[in-house]
Amino acid sequence: MLSIKAKFRQLVQKVLFWWVRIGENPHHTDLERIKKAKHCVYVLEHQSTADALVVDYQLQQLGLAGLHERMAITATEDEKALLTVHPRKSVLRRSHQSITPRIQAFIDYLAVNPEEDILLVPIALYWGRAADTKSTILSALLSSNWTVVGRFRKLLTVLFNGRDTYLEINSPISLRQLLDESEDTSKITRKVARVLRVHFRHVRTAVIGPDLSHKRVIIDQVLNSEPVRKAIAAHSSGKSVSPERSRSVARKHALTIAANVSYNTIRVLDIILTRLWNKIYNGIILNGIEPVRELAKDNEIVYVPCHRSHIDYLLLSYSLHRNGLNVPHIAAGENLNMPIVGNILRRGGAFFIRRKFGGDKLYSTVFNEYIHTVFKRGYPVEYFVEGGRSRTGRMRNPATGTLAMTVKSHLRDNSRPIVFIPVYIGYEKVFESNSYLGELKGKVKKKENLFDLVKTVKHLKNYGNVYLNFGEAIRLNDELDQEVPQWRDKAYGPEDKPDWMFQFVDLLAKKVVTKINAAAALNPINLVATALLSTPKQAIESTLLHQQLEILVELNKDNLNGSLVTLPTGTPKEWVDYAVKMNTLRLIPQKFGDIYGLDSHNTILMSYYRNNIQHLFALPSLVAALVVRSEGISKEDMVELIMLIHPYIRSELFIDSSDEDTISQASEVIERLLSLNLISRNVDGLFCPPEKTFDKSLQLQYLANIILPTLERYLLTLSVLVRFGKGECSQTVLENQSQQMAQRLSLLNGLDAPEFFDKALFKNFIMTMKKRGAISTNETGNLTYSDNITMVINKAGSVMPDDIWYNILQVTKRSTS
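These lines cover the structure that appears in this document, whether it is placed above or below. Numbers given to residues run from 1 along each chain, matching the order in which its sequence is written. With the structure being a predicted model, the display of local features is reserved for residues of pLDDT at least 70 and the display and counting of side-chain atom pairs for 80 or more, all residues being used for whole-chain, interface and lining totals. To obtain the side-chain values, all non-hydrogen atoms of the structure were used and water was disregarded.

**What to know about the nonpolar core**
Here is step 1 of the chain: If you look at the biggest cluster of nonpolar residues, it comprises 186 residues, and the most contacted ones within it are Tyr303, Phe420, Phe470, Ile649 and Leu711.
Here is step 2 of the chain: Those residues in contact with Tyr303, other than ones at most four positions away along the chain, are Val292, Leu316, Leu320, Leu325, Pro328, Pro380, Val381, Glu382, Tyr383, Ile421, Val423 and Phe470.
Here is step 3 of the chain: Counting residues in hydrophobic clusters, the runner-up holds 26 residues, among them Cys40, Leu59, Leu67 and Trp127. Nonpolar cores are built from buried Ala, Val, Leu, Ile, Met, Phe, Trp, Tyr and Cys residues. Side-chain atoms within 4.5 Å join them into one set. The classification of residues rests on relative accessible area computed with a 1.4 Å probe and restricted to protein chains. Under 20% of the type maximum is buried, over 50% is exposed, and intermediate values are partly exposed. Residue contacts are counted whenever heavy atoms from the two residues lie within 4.5 Å of one another.

Rendered as C-alpha cells:
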C-alpha cells in the first residue's frame, strides 16, 4: 500500500506532467542491462526536486525502478537510489553535502562482497536546450549560474521550458570494474566523482553546446582582434579614408556575416519544420548518428554534408536537434540572406559567406577571424565542401576555401581537436529538380527571392523519404600527423600559410567527399533509375526489372562497398510499386506482362538520382563491360585493364579506394558475378558472358551500361587528343573540343543526359591523366602523350558497342579537320 508521501508525489507528478513534455529519445542506453542489475543508483547533475520528480516518472514509464526504491545495501538501505553531482546551492548554508561519502559506502560494500556490482546510471536532464547567455535578465534567471533564488529560477524554467524538456539515460558506470582496475582503492572515490563531473560536462557540450554570447559581443571581439585591426589600417591607407570609416566597413561586413542564434527561434522552427516534414516526406531516415553523439562530447565537430538542395540546411540542423545534438553554425551563401528569410536563418544558426571574396582583403580578414572565433568558442560548424548545390546529382569537385580556413584556425589554436563528420543526404525527390533541369539545358539560374520561396513551399507535395547517413569521422589531428608530421613544431599566426597547406587541404577535401560517397543510401527511386537508364530505350519488362534490382542490391551486400552504405528494406516488387506511386516510373499494362518505362521528361530527372549512387556500381559495371563483349578474358588481363581505367573513374566519382583496394574488390566482384550466374569460367579459366539467348546476358549488358557513358567520354577525349597529334593542342583546347564533340555524340547515340558533356568532367579526366603521367605538357604549353594512348584507343573496341565506337571515330574525325 502506498504511503501518504508516495501518493502526494504521484499527485505532484500528474500536475507537473500536465505541462511538461519529454519527447521520445531513441538514444537511451541499453535499458535491459539496468533492469537486470541487482544494485542500480541513478545520478543527476544537479540536486532539484523538479528534476527528481521528472526522472522518477520517466523511469517508471520505461519499466525501470524509480528513484525512491530503497537500496538493499548495508548502511544505505534507508536512502533513495539517487546521487547528485552538484548539491543545491543556497546562501543560507555555506557547506553542502558531497556525493563522496555515499560513493565510499558503495565501495566499502563491494570490498566485502566481491561477487556483486553497483551500477551508477547518469541521467542527463535539460529544461529546454538553450545555452547560457547573459543578454537579458530573463536569460540570467534561467541560466545555471543564477544561485540566489534557485527555487524561483526553477519555477520559471519549468514554466518557460517545460514543453521542451530533454532526458537521456546514459551508459552505466560499473563500480566493480573501476574497483578492479584501481591499484589504490583510497583514491577511487574521488575518481568516480571526477568521472561523473566530466561525463555531465561532455554531455552538456554535445546536447546544448557552449555558452552563447550576444552577436554584438562576438562582433566586437572580431573587430578588436589584431588581424582585423591591421586590415582596417591597411584599408584606411589603401582607400584613403579615415580609420573610423574603415572600421565601419569592417563592422558592416561582420554584421552581414555573423549568426545570431536564438533558442526561441529554434523551438519555433522545430514545430514548423515537424509539420512541414510530415507534409512532404514519408520519413527522415538517419543512420550512423550514435558515433557522432559520442564524438561531440569532447571534440569540435564540423559537419560536411553533400549539397543537393536548399532543404539540406534545415534538414540536418533539425535532425541533429531532434537527436540530442547542438544545432551547428551553418555557412550559407549570401544569396540566401533575403529579407525576413535571412534573419530567420541567421537566428537558426546560419552565418553568411560570399561566393567569391574578389580580392577584398578586409572582408576576407573579418570572415577568417569570425570563423576562428566560432571554433575557439567551441560551437559546432556546418558547411558544404562542394560550394554549391549539385545540379546533376554527382558529387561536385570540392571547394577548399572553408576547409583551408578551418585548418588555419586549428593551427593557431589546437587546444580542442577538430573532427569532420561527412554526411550523405539522399532524396527520393528533390523539389528543385525542374529548375536543375532548366539550368542543365542552358537556362540562366534565377536569383532566389522571398516570393518564389513562398510559392515553392505552397506547392510542395509528397517527396518520399529522405536519408541522412553519417560517414566515417575524419580527425584533423590524425590527418596532419600523417601528412605533415612536423606541423606541431612551430607556433602559427593568423597570417601564416605554410608551404604544405594547399596540398594538404586538397588531400583533405578529396578525403571528405570520398567519405561522403562511402556512406551512400540505396533507395527504391535511385535503384529503379539505375536499372531503367541502363536499358537502350528506358523501358523494361516487369520480371526482368525485378531481377535487375535484385542484382544491384546483391552487389552491395556484405560490405562490398563498405559498411556504411545502407540498403532499402522490402522486395523489388515493392520498390517498383513505390516508384510508380511516386510518379517517377510509368506502368504500361500489357497482356503478356507489364512493361515499365520513363517518359522523356522523367528520363533526365531520373539521371539525377542514378548519379547519386553511380559510384557504387562503377567497379561491377566495369567488370561486366570487360566480359560482356569478350569471348573469354583471363583474370590477369581483366585486372590489368581495370587498373588502367578504374583510377580515372575513382577520381571522377570520388570513390573511397586505393589501387590495392581496387584489386581486392575486383576479385570480390568477380566472385559475386559468378555466384549470380552473370558470368562463368570456362575450362581454360577464362571468364565468359552467358549465352545471348539467356536473360542473364541481357542483365550483364544492362550492368555494363551503367559505366558505359563514362567510358565513352574517356575514349572521346583520347581520340580528340590523338587526332590533334602530340604537342598540337593545349589543355583548354582539348577540353572545349571534347565537350563540343560530346554534345554531338549524345545526339547521335540518343543519350539524353546533360551531365555527359559537363566540361568539369573533361577537365577532371585530363588533370588525372597528367597526375598519373599518361600525358604531359611540353615547353610550349601543349599536351603530349605516349604511344600507350593509341594502344588504349585500339583496345577500347573490345568494350564499346560497335555503333558507339563508330560514332566516336566519326565525330573526332570532324573535330580536328
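**Considering the side chain of Gln614**
Here is step 1 of the chain: Helix numbers and strand numbers start at the N terminus; a helix is a DSSP run of H or I with at least 4 residues, a strand a run of E with at least 2. When you line up the elements, Gln614 lands in the loop between α25 (600-613) and α26 (618-628).
Here is step 2 of the chain: The buried category is assigned to Gln614, whose relative accessible area is 3%.
Here is step 3 of the chain: Polar contact is the term for a pair of N or O atoms within 3.5 Å; when the atoms are in protein, one must be able to donate a hydrogen and the other to accept it, and sequence-neighboring residues count only if both atoms are side-chain atoms. A distance of 3.0 Å separates a polar atom in the side chain of Gln614 from the backbone oxygen of Ile706.

**Points about the packing of aromatic side chains**
Here is step 1 of the chain: Centre distance within 6.5 Å is the pairing criterion for rings of Phe, Tyr and Trp, where only the six-membered ring of Trp is used; planes under 30 degrees apart are then read as stacked, over 60 as edge-to-face, and the remainder as tilted. Considering all chains together, one arrives at 15 aromatic pairs under this definition.
Here is step 2 of the chain: Considering the side-chain rings of Trp277 and Tyr318, the 6.0 Å spacing of their centres and the 80° angle between planes classify their relative orientation as edge-to-face. Within this pair, whereas Trp277 is found in helix α12 (residues 263-280), its partner Tyr318 is found in helix α14 (residues 311-322), the two being separated by 41 residues in sequence.
Here is step 3 of the chain: Summarising the aromatic geometry, the rings of Trp500 and Phe504 are spaced 6.0 Å apart at their centres and angled 85° between planes, so their arrangement reads as edge-to-face.
Here is step 4 of the chain: Note on Trp500: relative accessible area 17%, which makes it buried.

**Comments concerning empty space enclosed by the protein**
Here is step 1 of the chain: A pocket here means an open set of points on a 1 Å grid, computed over the protein atoms alone, that has protein on both sides within 12 Å along at least five of seven lines. A cavity is instead a set of points where a 1.4 Å probe fits but cannot get out; residues with an atom within 4 Å of a point line either one. Grid points are joined across faces, edges and corners, and a volume is the space filled by probe spheres set on the points. Counted according to the given criterion, the structure contains seven cavities of 30 Å³ or more.
Here is step 2 of the chain: Taken as a whole, the largest cavity holds about 210 Å³ of empty space.
Here is step 3 of the chain: Along the wall of the largest cavity there are 16 residues; nearest its centre are Leu269, Leu273, Leu314, Ser317 and Gly348.
Here is step 4 of the chain: Where the lining of the largest cavity is concerned, the elements lending two or more residues are α12, α14 and β8 (329-333).
Here is step 5 of the chain: The element contributing the most residues to the lining of the largest cavity is α14, with five residues.
Here is step 6 of the chain: Here the nonpolar group is Ala, Val, Leu, Ile, Met, Phe, Trp, Tyr, Cys and Pro; Asp, Glu, Lys and Arg are the charged ones; every other residue, Gly included, is treated as polar. A class-by-class count of the residues in the lining of the largest cavity yields 11 nonpolar, four polar and one charged.

**Brief notes about the packing of helix α4 (residues 100-112) against helix α8 (residues 188-207)**
Here is step 1 of the chain: All axes are obtained by fitting lines to C-alpha atoms, using only the stretch in contact for helices, and the reported angles, taken between N-to-C directions, cover 0 to 180 degrees. Two elements in contact, α4 and α8, have axes separated by 9 Å at closest approach and are oriented at 120°. When the axis of α4 is compared with that of α8, the two are oblique. In this structure, α4 meets α8 at a crossing whose hand is right-handed. On α8, the residues that touch Thr100, Ile103, Gln104 and Ile107 of α4 are Ile188, Thr189, Val192 and Ala193. For classification, angles of less than 35 degrees are called roughly parallel, those exceeding 145 degrees roughly antiparallel, those between 65 and 115 degrees roughly perpendicular, and all remaining angles oblique. A crossing counts as left-handed when the near helix is turned anticlockwise from the far one by less than a right angle, and as right-handed when that turn is clockwise.

**Some thoughts on the pattern of salt bridges**
Here is step 1 of the chain: For this document, the term salt bridge refers to a Lys or Arg side-chain nitrogen within 4 Å of an Asp or Glu carboxyl oxygen. Under the counting rule described, the total for this entry stands at 28 salt bridges.
Here is step 2 of the chain: Residue Glu652 pairs with Arg394 through a salt bridge whose shortest N-O separation is 3.0 Å. Taken together, the residues Glu652 in helix α27 (residues 635-653) and Arg394 in the loop between β10 (381-382) and α17 (401-412) connect sequence positions 258 residues apart.
Here is step 3 of the chain: Under the relative-accessibility criterion, Arg394 is labelled buried at 7%.
Here is step 4 of the chain: When the shortest N-O distance is used, the salt bridge between Glu554 and Lys557 registers 2.9 Å.

**Comments concerning helix α11 (residues 243-257)**
Here is step 1 of the chain: With 15 residues, α11 should cover 21 Å at 1.5 Å per step; its first-to-last C-alpha distance of 21 Å lies within 8% of that length.
Here is step 2 of the chain: Buried residues of α11: Ser246, Val249, Ala250, His253, Ala254 and Ile257, and no others. In an axial view of α11, the angular spread of the buried residues amounts to 140°, which keeps them on one side of the axis. Residues of α11 that are exposed and angled more than 90 degrees away from the buried face: Glu244 and Lys252.
Here is step 3 of the chain: For α11, the elements touching its buried residues are α9 (215-223), α10 (226-239), α15 (341-347), β9 (350-353) and α16 (361-376). Helix span is expected to be 1.5 Å times the residue number reduced by one. Note: the arc covers the axis-to-C-beta directions of the helix.

**Comments concerning the pairing of strand β11 (residues 418-427)**
Here is step 1 of the chain: Within β11, 10 of the 10 residues are buried, which leaves the element mostly enclosed by the surrounding structure.
Here is step 2 of the chain: By the alternation rule, side chains of β11 split into Ile418, Phe420, Pro422, Tyr424 and Gly426 and Val419, Ile421, Val423, Ile425 and Tyr427, which are all buried.
Here is step 3 of the chain: Pairing of strand β7 (residues 300-305) with β11 involves six bridges; the strand directions are parallel. Each residue of the ladder has a partner; that of Val302, found in β11, is Phe420.
Here is step 4 of the chain: Where β11 meets strand β13 (residues 474-475), two bridges bridge the pair, whose relative direction is antiparallel. Pairing of Phe420 across the sheet is with Ile474, part of β13.
Here is step 5 of the chain: For two strands to count as paired, DSSP must find a minimum of two bridges between them. With five bridges connecting them, β11 and strand β12 (residues 465-470) associate as antiparallel partners. When the sheet's bridge partners are listed, Ile425 is paired in β12 with Leu468.

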